[in-house]
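# Remarks on the overall topology
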Amino acid sequence: MIREAALVLSDGEVFEGEAIGAEVPSGITSGEVVFNTVLTGYQEVITDPSYAGQIITFTYPHIGNYGVAPADHESRRPFCRGVIVRDMARRRSNWRSTGDLEAFLVNQGIAGLAGVDTRRLTTHIRDAGAMPGAFGTAPESDLRAAAQAEPGTDGIDLVATVTRSESEHFTSTRDGGKPPHRVVALDFGLKATIVRHLRTIAHVEVVPASTSAADILARQPDGVFLSNGPGDPEAVAGAVGTISGLLGEVPIFGICLGHQLLAAALGGETYKLPFGHHGGNHPVRNLATGTVEITSQNHNFCVADSSIPGADITHINLNDHTVEGLRCRDLPAFSVQYHPEAGPGPHDSRYLFAQFDELMDGLHTTESGPAQGQLLGGATHA
């Protein structure tokens, strides 16, 4: 049975469609509407905690055709508010799948909207910027009121809604050769694929985002990983202070929100992009090598390009020339704005985990530790 529904944006734009997924008692789901350009990997996108507070619009028209598989979950449950697609597949075809995408949405309590002109919606967001919206089966007037009342993601600590409540240990999968390091990963919205990559170089202890610098250092890690996560970096309670307490004490590698928080701890500034970077096809130039990496990205906020004292810019986005990476000049710390673990996405940037491994190796080979430039190559000064 078709359930007619609609999406109403906070600027009044209306998009008609058909309700899919979970039925919400109020008939209204609200959140910040963004678009993602991946061609595959919809399950990983939906279960990425970085989408907390957001409604995901998939630009690829045919979603759900290979079903879902438990091994592809990126978190314990989806944290996104809803899903919008052009065409939801009625039949799955994949030997790994254990269920349909729509059934998964129902089971997880995630509402969706299908049959939408996602090309028009994406074009509108690109022109007007990401904005609050509301969709569902409720009357249009109620949807419009809900869209205008939705606060979006600015100024809200969404990390507190996705981080784990207790620490968790993962044994290294490194096979032979040198012994694995010990890494503490701060969970701002950590993805499962990241843990899998970290385990290839280290025993990993994932800790809640509220864990103090003193507590982390007491665990005697060889390195600290700052994870991805949702929302506004300025709203993440205590994170900048924690990172400030770790700088110079232990090697640090940050990605996505972790990159923004590291920049803030160094005295840098962040700002919100018009419609963010969400997809698996963003070209990024490595300034040290000149190589162009095709990257997986998911963020709405960015680091200002000339605001990072004591750090060099290492990577630049070739679409809009925003900062995609930084490295401290005198401290063992570096970060990138994108997702080198690529879950989903291309594998061009997985070398960064090896660089983190080398950075931790280097600090064990000399009493004072090597200069960052000796490990990671040259860069452009910010």
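Report on the accompanying structure. From a predicted model like this one, the values you see are computed outputs, not experimental measurements. (Residues numbered from 1 in each chain as written. Predicted model: local features only at pLDDT ≥ 70, side-chain atom pairs only at ≥ 80, totals over all residues. Heavy atoms only, no water.)

### Side note on the overall build of the protein
Convention followed: Every helix listed is a DSSP run of H or I at least four residues long, and every strand listed is a run of E at least two residues long, numbered separately from the N terminus. Residue exposure (1.4 Å probe, protein chains only): buried if accessible area is under 20% of the type maximum, exposed if over 50%, otherwise partly exposed. Residues are treated as being in contact if the distance between any of their heavy atoms lies within 4.5 Å.
If you tally the helices and strands in the protein, you get 11 helices and 20 strands. Taking the principal axes of the C-alpha coordinates as reference, the protein spans close to 70 × 45 × 40 Å. Going through the 382 residues of the protein one by one, you find that 58% of them count as buried. Of the contacts formed within the protein by residues at least 6 apart in sequence, a portion of 75% connects residues at least 24 apart.

### Examining the side chain of T270
Its location among the elements puts T270 in strand β15 (residues 270-286). Classification of T270 by relative accessible area gives buried; the value is 15%. Ignoring any residue separated from it by four or fewer positions in sequence, one finds T270 in contact with P233, E234, Q260, C302, V303 and A304.

### Concerning helix α4 (residues 140-149)
Within an α-helix, residues lying three or four positions from one another point in the same direction, as the helix has 3.6 residues per turn. So the rule is basically this: It is the directions from the helix axis to the C-beta atoms whose arc is reported.
Considered for burial, the residues of α4 that qualify are L143, A146 and A147. Around the axis of α4, the buried residues are gathered within 100° of arc, so they sit on the same side. Residues of α4 that are exposed and angled more than 90 degrees away from the buried face: Q148 and A149. Among the structural elements, β1 (4-9), β3 (29-36) and β9 (131-136) are those in contact with the buried residues of α4.

### Overview of the environment of I313
Within the fold, I313 resides in strand β17 (residues 311-317). Given a relative accessible area of 8%, I313 falls into the buried group. Separated by 124 residues in sequence, I313 and G189 have C-alpha atoms that sit 25 Å apart.

### Quick notes on the sheet that holds strand β4 (residues 54-58)
Put simply, the test is: Any two strands with at least two DSSP-identified bridges between them are counted as paired. Note on geometry: axes are lines fitted to C-alpha atoms, helical ones only across the stretch in contact, with angles between N-to-C directions running from 0 to 180 degrees.
Reading around the barrel, the 7 strands line up as β1-β2-β8-β6-β4-β3-β9 and close back on themselves, with mixed pairing between neighbours. Looking at each pair of strands side by side, their axes are set apart by 35° on average, direction ignored. When β4 meets strand β6 (residues 82-84), the two strands line up parallel, connected through 3 bridges. Among the inter-strand pairings, I56 is bridged to a residue of β6, identified as V83. Its contacts with the sheet place helix α3 (residues 118-128) against β1, β2 (14-21), β3, β4, β6 and β9, and it is angled at close to 90° to β3.

### Let's talk about the pairing of strand β14 (residues 252-255)
Formally: Orient the strands so they point away from the viewer, and a crossover whose first-strand-to-second-strand path over the helix runs clockwise is right-handed.
Burial along β14 is two-sided: the face carrying I252 and G254 and the face carrying F253 and I255 are both buried. For strand β13 (residues 223-226) and β14, the ladder comprises 3 bridges, and the chain directions are parallel. Paired with F225 across the bridge in β14 is F253. Crossover connection from β13 via helix α8 (residues 239-246) to parallel β14: handedness right-handed.

### Quick notes on the pattern of salt bridges
Defined as follows: The term salt bridge refers to a side-chain nitrogen of Lys or Arg lying within 4 Å of a carboxyl oxygen of Asp or Glu.
All told, the structure shown has 20 salt bridges when counted by the stated rule. As a salt-bridge pair, R90 and E18 come within 3.7 Å of each other at their nearest N and O atoms. Pair noted here: R90 is in the loop between β7 (87-88) and α2 (101-108) and E18 is in strand β2, with a separation of 72 residues, a long-range link. Take E18: its relative accessible area is 18%, and that puts it in the buried class. Beyond isolated ion pairs, a larger network of salt bridges with shared partners links R174, K178, D357 and D361.

### Some points on unusual backbone geometry
Looking along the chain, the bond that leaves G343 and enters P344 is cis, with omega of 5°. Mapped onto the elements, P344 comes out in the loop between β19 (333-336) and α10 (351-365). At Q220, a position not held by glycine, the phi torsion is positive, near 55°. Mapped onto the fold, Q220 is located in the loop between α7 (213-218) and β13. Non-glycine residue C256 carries a positive phi angle of around 55°.

### Brief notes about the layout of surface pockets
Definition in use: Here the term cavity refers to a set of points on a 1 Å grid, laid over the protein atoms alone, in which a 1.4 Å probe fits but cannot get out; the term pocket refers to an open set having protein on both sides within 12 Å along at least five of seven lines, with lining residues being those that place an atom within 4 Å of a point. Grid points are joined across faces, edges and corners, and a volume is the space filled by probe spheres set on the points. All residues other than Ala, Val, Leu, Ile, Met, Phe, Trp, Tyr, Cys, Pro, Asp, Glu, Lys and Arg, Gly among them, are scored as polar; the first ten of these are nonpolar and the last four charged.
Computed from the structure, the largest pocket encloses a volume of approximately 280 Å³. Residue lining of the largest pocket: 16 residues in total, with E74, S75, R164, F170 and A192 positioned closest to the centre. Among the secondary structure elements, those contributing two or more residues to the lining of the largest pocket are β10 (168-170) and α6 (192-199). Tallying contributions element by element places α6 first for the lining of the largest pocket, with 4 residues. Here the second largest pocket defines a volume of roughly 240 Å³. Taken together, 13 residues form the lining of the second largest pocket, with R126, F275, G276, H277 and H282 sitting closest to its centre. In terms of residues, the lining of the second largest pocket owes the most to one element, β15, which gives 8 residues. For the lining of the second largest pocket, a count of residues per class yields 4 nonpolar, 7 polar and 2 charged.

### What about the packing of aromatic side chains?
The line we're drawing: A pair of aromatic rings is counted whenever rings of Phe, Tyr or Trp (Trp by its six-membered ring) have centres within 6.5 Å, and the orientation is called stacked for planes under 30 degrees apart, edge-to-face for over 60 and tilted otherwise.
What the rule picks out here adds up to 6 aromatic pairs. Three or more aromatic residues joined by ring pairs form one cluster here, namely F225, F253, F334, F353 and F356.

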